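Structure assessment
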Amino acid sequence: QVQLVESGGGSVQPGGSLRLACVASGFTFSSSHLSWFRQAAGKEREYVASISTGGTAQYKDSVRGRFTISRDNAKSTVYLQMISLKPEDTAVYYCKAIWIGKSYWGQGTQVTVSS
């Protein structure tokens, strides 16, 4: 069955960096549109970044220039490199895959930015 497993979250100080990874299985990864979302405590889940099958990346305004999304089709993995992290980046981060019209989500990984 389809499975998405995120990893790489943790606690960092403001200005720090983290790289999230999401390993996928159960579908044709190279044909899927991939995204990262996040959900802070008490808030709705929000879009962070996405990457098309052709490698075109898009970003939420507040993370552009600090976050980089990438994909490795050979490893069925999508990454989110995050630098210059801010306290407002604190959230559970989820990866999402859209494949033949269906959406699939991972279980999430916690990112906490605090001094």
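Not measured: the values here are computed from a predicted model. (Residues numbered from 1 in each chain as written. Predicted model: local features only at pLDDT ≥ 70, side-chain atom pairs only at ≥ 80, totals over all residues. Heavy atoms only, no water.)

1. Remarks on the overall build of the protein
What the protein contains, in helices and strands, is zero helices and 11 strands. Going from N to C terminus, the protein has its helices and strands arranged as β-β-β-β-β-β-β-β-β-β-β. Sorting the 115 residues of the protein into buried and exposed places 42% on the buried side. For the protein, long-range pairs separated by at least 24 residues make up 52% of all intrachain contacts whose partners lie at least 6 apart in sequence. (Helix = DSSP H or I, 4+ residues; strand = E, 2+ residues; numbered from the N terminus. Buried < 20%, exposed > 50% of the residue type's maximum accessible area, 1.4 Å probe, protein only. Contact = heavy atoms within 4.5 Å.)

2. Description of the sheet that holds strand β1 (residues 3-7)
Taken in spatial order, the four strands of this open sheet run β1-β3-β8-β7, and their pairing is antiparallel. Two strands lie at the open edges of the sheet, namely β1 and β7 (67-72), each paired on one side alone. Across this sheet, the average inter-strand angle for adjacent strands is 15 degrees, counted without regard to direction. Note: β7 against strand β8 (residues 77-82), six bridges, orientation antiparallel. When the bridges of β8 are listed, T68 appears paired with Q81. (Pairing = 2+ DSSP bridges. Axes fitted to C-alpha atoms, helices over the stretch in contact; angles between N-to-C directions.)

3. So, the pairing of β7
Burial along β7 is one-sided: F67, I69 and R71 are buried, while T68, S70 and D72, pointing the other way, are not. Hairpin connection from β7 to β8: four residues lie between these consecutive antiparallel strands, with S76 at a positive phi of about 50 degrees.

4. Looking at the pattern of salt bridges
One pass over the full model with this rule turns up five salt bridges. In this structure, the salt-bridge partner of R38 is E46, at a minimum N-O distance of 2.7 Å. Residue classification places R38 among the buried residues on the basis of a relative accessible area of 5%. A salt bridge links D61 to R64; the shortest N-O distance between them is 2.8 Å. Assessed through its relative accessible area of 63%, D61 is described here as exposed. (Salt bridge = Lys/Arg side-chain N within 4 Å of Asp/Glu carboxyl O.)

5. Comments concerning the packing of aromatic side chains
The full count for this structure, using the stated rule, is six aromatic pairs. Relative to W105, the ring of F37 has its centre 5.0 Å away and its plane inclined at 65 degrees; by these criteria the two rings are edge-to-face. Here F37 is found in strand β4 (residues 33-39), whereas its partner W105 is found in strand β10 (residues 102-105), with 68 residues between them in sequence. According to the relative accessible area criterion, W105 is partly exposed, its value standing at 36%. Between Y94 and W105, the ring centres sit 6.5 Å apart and the planes meet at 85 degrees, which makes this aromatic pair edge-to-face. (Phe/Tyr/Trp six-rings, centres within 6.5 Å; stacked < 30°, edge-to-face > 60°.)

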